[in-house]
Amino acid sequence: RPGVWADMQLTKMDMRNPSMKGYESGAATLPAGYESVETATNNLLARCRNAIASNSTTIESYASIFDKNSVIDYGIFSMVVRHWDGSLNNFFFGSWDGGQKWHVYLYDADQTWGGYSNGLYPQNAYNNVLHEYGGLWSAMYSNAVVFEDIKKRYSELRNKGIINFDWVVNRFKAYDAIGN
């Protein structure tokens, strides 16, 4: 479904902000007082659509939109936990500088660890979860320069003991403990 990313716009999104009163999911505009958020979000989506439409293969086109380590870390984590639905819609974007650089955050991890949300069928463990739907993630992570950056960052995180078997198991246990 690469077309989903190619046509991404505010009306196809859900904004999450507890202080934003009067907002309805899929609205074409945000409530009064949030014009700067609306402009920043529309700019983000336009930049993503443009990068996809131009088949951009340069790291600069993505680094101008996103915080590079945030995107790389999201990709690494998504691959480690097999966050299948995170390639299409189960993530958040956030910006702390008025929309100049965006960070990506995990959301709704019901399709991780090899299972689908219905719990009946396992996922194929041998394909790259971020290439399944194409679009933005596929364009970024299939880029040779970005791939080299991913390998470097993964090595850095692994060598510092941040990502290793115990870390992954402990994160899973902590996540599971939330529901108990």
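Given the structure is predicted, the values throughout are model-derived calculations rather than measurements.

Rules used throughout
Each chain carries its own residue numbering, running from 1 in the direction its sequence is written. Owing to the predicted nature of the model, reporting of local features is limited to residues with pLDDT of at least 70; listing and counting of side-chain atom pairs is limited to 80 or more, with chain, interface and lining totals taken over all residues. Hydrogens and water molecules were not included; the side-chain quantities draw on all heavy atoms of the structure. Each pair of aromatic rings taken from Phe, Tyr and Trp, with Trp reduced to its six-membered ring, is defined by centres within 6.5 Å and is described as stacked if the planes are under 30 degrees apart, edge-to-face if over 60, and tilted in the remaining cases. Strands are runs of DSSP state E lasting at least two residues, helices are runs of H or I lasting at least four, and both sets are numbered from the N terminus onward. Each residue's exposure class comes from its accessible area (1.4 Å probe, protein chains only) as a fraction of the maximum for that residue type: buried when under 20%, exposed when over 50%, partly exposed otherwise. Per-residue confidence from the predictor is reported as pLDDT, which spans 0 to 100. Helices are assigned an expected span. That span is 1.5 Å times one less than the residue count.

With respect to the packing of aromatic side chains
Two measures describe an aromatic ring pair: the distance that separates the ring centres and the angle between the ring planes.
For step 1, the next point in the chain: In total, this model carries 1 aromatic pair according to the counting rule given.
For step 2, the next point in the chain: With centroids separated by 5.4 Å and ring planes inclined at 40 degrees, the aromatic side chains of F66 and F93 adopt a geometry described as tilted. Taken together, the positions of F66 in the loop between helix 3 (59-63) and helix 4 (68-81) and F93 in strand 1 (residues 91-94) put the pair 27 residues apart, joining distant regions of the chain.
For step 3, the next point in the chain: On the basis of relative accessibility, which here comes to 19%, the residue F93 falls in the buried class.

Describing the confidence of the model for the protein chain
For step 1, the next point in the chain: For the protein chain, mean pLDDT is 76; residues scoring 70 or higher make up 71% of the total.
For step 2, the next point in the chain: Ranking the helices and strands of the protein chain by mean pLDDT puts helix 6 (residues 144-159) first, with 85, and helix 1 (residues 2-6) last, with 58.

Quick notes on the environment of I52
For step 1, the next point in the chain: The topology assignment puts I52 in helix 2 (residues 35-53).
For step 2, the next point in the chain: Separated by 45 residues in the primary sequence, I52 and D7 place their C-alpha atoms 10.0 Å from one another.

What about helix 4?
For step 1, the next point in the chain: Between its first and last C-alpha atoms helix 4 spans 20 Å; for 14 residues at 1.5 Å apiece the expected length is 20 Å, and the two agree.
For step 2, the next point in the chain: Among the residues making up helix 4, those that are buried are S70, V71, I72, Y74, G75, I76, S78 and V81.
For step 3, the next point in the chain: Looking one or two residues beyond helix 4, the residue adopting positive phi is R82, at roughly 55 degrees.

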